[in-house]
Amino acid sequence: DTEVTQTPKHLVMGMTNKKSLKCEQHMGHRAMYWYKQKAKKPPELMFVYSYEKLSINESVPSRFSPECPNSSLLNLHLHALQPEDSALYLCASSQDLTSGGGNTQYFGPGTRLTVL
Amino acid sequence: AQSVSQHNHHVILSEAASLELGCNYSYGGTVNLFWYVQYPGQHLQLLLKYFSGDPLVKGIKGFEAEFIKSKFSFNLRKPSVQWSDTAEYFCAVRTGANNLFFGTGTRLTVIP
């Protein structure tokens, strides 16, 4: 089973709203990732968590706030977003961050976010 | 800085034609290489990966890729494409910094 689930599938929010995206995996993976994908563009890394600790933050604005409450869950809290933040937000997980086969990333279906 | 290049932005083939999608990367150290596919309306799926050993790797659905270290390339191939192969294909490279860099993607359209 290589399934990563994400909720919601679609989200529409205003610029003053606060919302959260959720990601879950039950593969025992200890690394989880958030990516942002704009239309017709490749995914761009936002955050990496390893063993529930933030490992990489790719200079993401503070209006995006990640949280890893446990090894199976990854949240992305959204506040005061801008219309240009509209995109597909992808979650991924891998066994760990070591080199070799353990770092193969498996992606969820994404949350399509629209900011009005 | 690391980069991944996919020079073919859109490829249109008839069914049964052979496919080769180019992928070149710029990084001098050890790399792990991946091809992902994104079917219309679906999420990214792993097609195949290379970490070490035999430079010719076979993936799912009849795809294969060859790692040529001297050319910094990892081209994707399939001898005979099907209409169901219509999708966006992304090459990705992981470097020692644990970051996965994606190419810009190649859109494949297979005409029945």
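That block above? That's the structure.
Conventions adopted
- Residues numbered from 1 in each chain as written.
- Chains lettered and ligands numbered in written order.
- Predicted model: local features only at pLDDT ≥ 70, side-chain atom pairs only at ≥ 80, totals over all residues.
- Heavy atoms only, no water.
- Helix = DSSP H or I, 4+ residues; strand = E, 2+ residues; numbered from the N terminus.
- Rg over C-alpha atoms; globule rule 2.2 N^0.38 Å.
- Buried < 20%, exposed > 50% of the residue type's maximum accessible area, 1.4 Å probe, protein only.
- Contact = heavy atoms within 4.5 Å.
- Areas by Shrake-Rupley, 256 points an atom, 1.4 Å probe, with all protein chains shown as cover.
- Lys, Arg positive; Asp, Glu negative; His and termini not counted.
- Charge placed at Lys NZ, Arg CZ, Asp CG, Glu CD.
- Pairing = 2+ DSSP bridges.
- Disulfide = S-S within 2.5 Å.
- Phe/Tyr/Trp six-rings, centres within 6.5 Å; stacked < 30°, edge-to-face > 60°.
- Salt bridge = Lys/Arg side-chain N within 4 Å of Asp/Glu carboxyl O.
- Polar contact = N/O pair within 3.5 Å; in protein donor to acceptor, adjacent residues only side chain to side chain.
- Nonpolar A, V, L, I, M, F, W, Y, C, P; charged D, E, K, R; others polar.

### Details of the overall build of chain B
Part 1 of the reasoning: Counting its regular elements, chain B contains zero helices and twelve strands.
Part 2 of the reasoning: For chain B, the N- to C-terminal ordering of α and β elements is β-β-β-β-β-β-β-β-β-β-β-β.
Part 3 of the reasoning: Relative to the globule expectation of 13 Å for 112 residues, the C-alpha radius of gyration of chain B, 13 Å, shows essentially globular dimensions.
Part 4 of the reasoning: Along the first, second and third principal axes, the C-alpha atoms of chain B reach 40 × 25 × 20 Å.
Part 5 of the reasoning: Every one of the 112 residues in chain B was classed for burial, and the buried ones make up 49%.
Part 6 of the reasoning: Within chain B, contacts between residues separated by at least 24 positions form 53% of all contacts whose residues are at least 6 apart in sequence.
Part 7 of the reasoning: Carbon together with sulfur atoms contributes 54% to the accessible area of chain B, which is approximately 5200 Å² in total.
Part 8 of the reasoning: Considering chain B, the positive charge centre built from 9 side chains and the negative charge centre built from 7 side chains are found 7 Å apart.

### Points about the pairing of strand 3 (residues 18-25) of chain A
All names here are of chain A.
Part 1 of the reasoning: As paired elements, strand 1 (residues 4-7) and strand 3 share four bridges and run antiparallel to each other. Looking at the pairing, Val 4 lines up with Gln 25 of strand 3.
Part 2 of the reasoning: Pairing analysis gives seven bridges linking strand 3 to strand 8 (residues 73-79), with the strands arranged antiparallel. Bridge assignment links Cys 23 to a residue of strand 8, and that residue is Leu 74.

### As for the state of the cysteines
Part 1 of the reasoning: Per the stated rule, a full pass over the model turns up two disulfides over all chains.
Part 2 of the reasoning: There is a disulfide in this structure between Cys 23 of chain A and Cys 91 of chain A, and the S-S distance comes to 1.9 Å. An S-S torsion of about -70 degrees defines the bridge between Cys 23 of chain A and Cys 91 of chain A as left-handed. Here Cys 23 of chain A is found in strand 3, whereas its partner Cys 91 of chain A is found in strand 9 (residues 87-94), with 68 residues between them in sequence.
Part 3 of the reasoning: Covalently, Cys 23 of chain B is tied to Cys 91 of chain B through a disulfide, its sulfur atoms 1.9 Å apart.

### Remarks on the environment of Gln 2 of chain B
Part 1 of the reasoning: With respect to the secondary-structure elements, Gln 2 of chain B resides in the segment before strand 1 (3-5).
Part 2 of the reasoning: Put simply, Gln 2 of chain B and Thr 30 of chain B are 28 residues apart on the chain and 12 Å apart in space, counted from C-alpha to C-alpha.

### Considerations on the packing of aromatic side chains
Part 1 of the reasoning: What the rule picks out here adds up to 13 aromatic pairs over all chains.
Part 2 of the reasoning: Taken together, a centroid distance of 6.2 Å and an interplanar angle of 90 degrees make the contact between Phe 90 of chain B and Phe 102 of chain B edge-to-face. Pair noted here: Phe 90 of chain B is in strand 10 (residues 87-94) and Phe 102 of chain B is in strand 11 (residues 100-102), with a separation of twelve residues, a long-range link.
Part 3 of the reasoning: Taken together, Tyr 33, Tyr 35 and Phe 107 of chain A together with Phe 34, Tyr 36, Phe 51, Phe 90 and Phe 102 of chain B form an aromatic cluster joined through their ring pairs.

### Here's the deal with the interface of chain A and chain B
Part 1 of the reasoning: Taken residue by residue, the interface counts 22 residues in chain A and 18 residues in chain B.
Part 2 of the reasoning: If you look at where chain A meets chain B, you find zero salt bridges.
Part 3 of the reasoning: Between the two partners, chain A and chain B, sit four residue pairs in polar contact (both at pLDDT 80 or more).
Part 4 of the reasoning: Among the secondary structure elements, those contributing two or more residues to the side of chain A that touches chain B are strand 4 (31-37), strand 9 and strand 10 (106-107) of chain A.
Part 5 of the reasoning: Its residues assigned to classes, the side of chain A that touches chain B comprises eleven nonpolar, nine polar and two charged.

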